[in-house]
Amino acid sequence: MLKPVLRRLDQFSFLSKRRTALTFCFHAIPDAKPLRTFAGIALACLLPLTTGALAADSGAAGFATKAAQAYMIEAATGTVLLAKNEDQGFSPASLAKLMTMDLVFDAVTKGQITFDTEYPVSEYAWRTGGAPSRTATMFASLKSRVRVEDLIKGVAIQGANDSCIILAEGMAGSEQQFAESMTRRARELGMEKAEFGNSTGLPDGKSKVTAREMVTLATALQKSYPNLYPYFAQPDFEWNKIFQRNRNPLLGLDLGADGLATGFTEGEGYSIVASVERDGRRLFLALAGVASDKERTEEAKRVLEWGLTAFESRQIFAENEVIGAASVYGGTARTVDLVAKAPVSVYIPISNPDRLSARIIYRWPLAAPVQPDTQAGTLRIFAGSRLLREVPLYTVQAVGEGSLSSRAVDAMLELGESLFFSWLWDKSAPG
């Protein structure tokens, strides 16, 4: 793999000549060690500009949060602006209702149910989440029937537990079956740790999520259901002659907030998942483990204001600009160029600059023939050791299958390089 790495170093040096504002440094990275496949290439120190302000738990850029868990991204680039214990599990409480909404929105979008579909209010839904429960409720009457659109409003605006259970029973037959669908859906969205034991988030000893996963879910809701997402920002809703305001405390603060939900768990504190859009910038934030309701509102506002004012977008690579190259085994060429299909940008601090770094990750080597416009790798952009964003990379040109002699030479090179990197792996940390 050394020769391919050197070829890539030459390429990045060429790029640096065209980018006077950027500086580059390199070393080979034998990644994906457990797979014993070579992933990736050179480390490019791309910018003296940075996203070093990203790790609030390390005090970067002097910014810290009182929350026990926190995660915030800028939506257009996917850049991570804040991360603190983002993969540490906590009880979702009413944040679980966002997954309930995802399943309902999906069913409405696919035409499996309509706004006018009606579901009955069972005694279980009424007692567990309705008026007798003394929890958040839309006050649906026992044995009545409620339209799906009204139930959606009950969940999105009021965080109503009876609305969730009525939807769960109506769509899946039982709340337990619906909860199993919630966990399956979480896996589809890439939420690998999330578990849901019910549709409401009421204490069950099972449900767990992470701050990173809740941002993933919020992002999916906004992107996948743009026509339904505005329900989260409706200011109020009335049912059974009972008027209630939206429970999201950020909606009236002139932040540009338009969602999503709050939660509270005894012993774990207060949580929130929020989205704001202002001046063309959209941020998604999850905070958990905050001490009080008042502090949750103040902290969310402070973090979001910082995210909206302390960063700017900076383009690193243009659309279809060659970013790197991947080795090809048994082909008419030894490498194939890799590009991103859209400009590659990151959201970086205006002050306190630091370096960004990037790696191209792919399964080494690609086997000929290679078709153009095929996803072959991923560009990972870091601030220090923190991953900011991942961008899929695609092949530029076709590489045909080489002659028998060229394939034989490549086989010898691959064997030698595999032995070399196996030695490196064996000398590094276990696993």
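Residues numbered from 1 in each chain as written. Predicted model: local features only at pLDDT ≥ 70, side-chain atom pairs only at ≥ 80, totals over all residues. Heavy atoms only, no water.

## Observations concerning helix H5 (residues 161-172)
Piece 1. Given a rise of 1.5 Å per residue, 12 residues ought to cover 16 Å, and the 16 Å separating the end C-alpha atoms of H5 matches this to within 8%.
Piece 2. For H5, the complete set of buried residues consists of Asn161, Asp162, Ser163, Cys164, Ile165, Ile166, Leu167 and Ala168.
Piece 3. Residues of H5 that are buried in the fold lie against helix H2 (97-109), strand S5 (118-120), helix H3 (123-129), helix H4 (148-158) and helix H6 (175-188).
Piece 4. With its phi angle positive at about 95°, glycine 173 sits one or two positions after the end of H5. (Helix = DSSP H or I, 4+ residues; strand = E, 2+ residues; numbered from the N terminus. Expected span 1.5 Å × (residues − 1). Buried < 20%, exposed > 50% of the residue type's maximum accessible area, 1.4 Å probe, protein only. Contact = heavy atoms within 4.5 Å.)

## A short note on the packing of H2 against H4
Piece 1. Contact geometry for H2 and H4: axes closest at 10 Å, N-to-C directions at 155°. Overall, the two elements H2 and H4 adopt an arrangement that is roughly antiparallel. Considering the relative orientation of H2 and H4, their crossing is left-handed. Residue-level inspection shows Lys97, Met101, Val104, Phe105 and Val108 of H2 in contact with H4, the latter providing Val148, Ile152, Val155 and Ala156.
Piece 2. For the contact of H2 with H4, the residue count by class is 8 nonpolar, no polar and 1 charged. (Axes fitted to C-alpha atoms, helices over the stretch in contact; angles between N-to-C directions. Parallel < 35°, antiparallel > 145°, perpendicular 65-115°, else oblique. Left-handed = near helix turned anticlockwise from the far one by under 90°. Nonpolar A, V, L, I, M, F, W, Y, C, P; charged D, E, K, R; others polar.)

## A look at unusual backbone geometry
Piece 1. Along the chain, glycine 259 connects to leucine 260 via a cis peptide bond; the corresponding omega equals 15°.
Piece 2. Considering the arrangement of structural elements, one finds leucine 260 in strand S9 (residues 257-265).
Piece 3. The residue after alanine 368, namely proline 369, is reached through a cis peptide bond having omega 0°.
Piece 4. Here proline 369 shows up in the loop between strand S18 (366-367) and strand S19 (375-383).

## With respect to the sheet that holds strand S10 (residues 269-278)
Each strand in a sheet pairs with its neighbour through backbone hydrogen bonds, running either in the same direction (parallel) or in the opposite one (antiparallel).
Piece 1. Taken together, 5 strands build an open sheet; the order of strands is S4-S3-S11-S10-S9 and the sheet is antiparallel. Every interior strand has two partners, whereas the edge strands, strand S4 (80-84) and S9, have only one. Taking the axes of each pair of neighbouring strands and ignoring which way they run, one obtains an average angle of 5° across the sheet.
Piece 2. By the bridge criterion, 8 bridges tie S9 to S10 in an arrangement that is antiparallel. Its bridge partner lying in S10, alanine 261 is registered against valine 273. (Pairing = 2+ DSSP bridges.)

## Some points on the packing of aromatic side chains
Piece 1. This structure, assessed with the given rule, holds 9 aromatic pairs.
Piece 2. Residues phenylalanine 63 and tryptophan 306 carry aromatic rings whose centres are separated by 3.9 Å and whose planes lie at 10° to one another, so their mutual orientation is stacked. A residue pair is termed long-range when its members are at least 10 positions apart, and phenylalanine 63 in the loop between strand S2 (44-47) and strand S3 (69-74) and tryptophan 306 in helix H8 (residues 293-309) qualify at 243 residues.
Piece 3. For phenylalanine 63, a relative accessible area of 8% translates into the label buried.
Piece 4. A relative accessible area of 13% means that tryptophan 306 is categorised as buried.
Piece 5. A centroid spacing of 6.2 Å and a plane angle of 90° characterise the contact between phenylalanine 115 and tyrosine 231, whose relative ring orientation is edge-to-face. Residue phenylalanine 115 is located in the loop between H2 and S5, and its partner tyrosine 231 is located in the loop between helix H7 (211-224) and strand S7 (236-239); the two are separated by 116 residues in the primary sequence.
Piece 6. The side chain of lysine 341 reaches across the aromatic face of tyrosine 394, ending 4.3 Å from its centre. (Phe/Tyr/Trp six-rings, centres within 6.5 Å; stacked < 30°, edge-to-face > 60°. Lys NZ or Arg CZ within 6 Å of the ring centre and 35° of its normal.)

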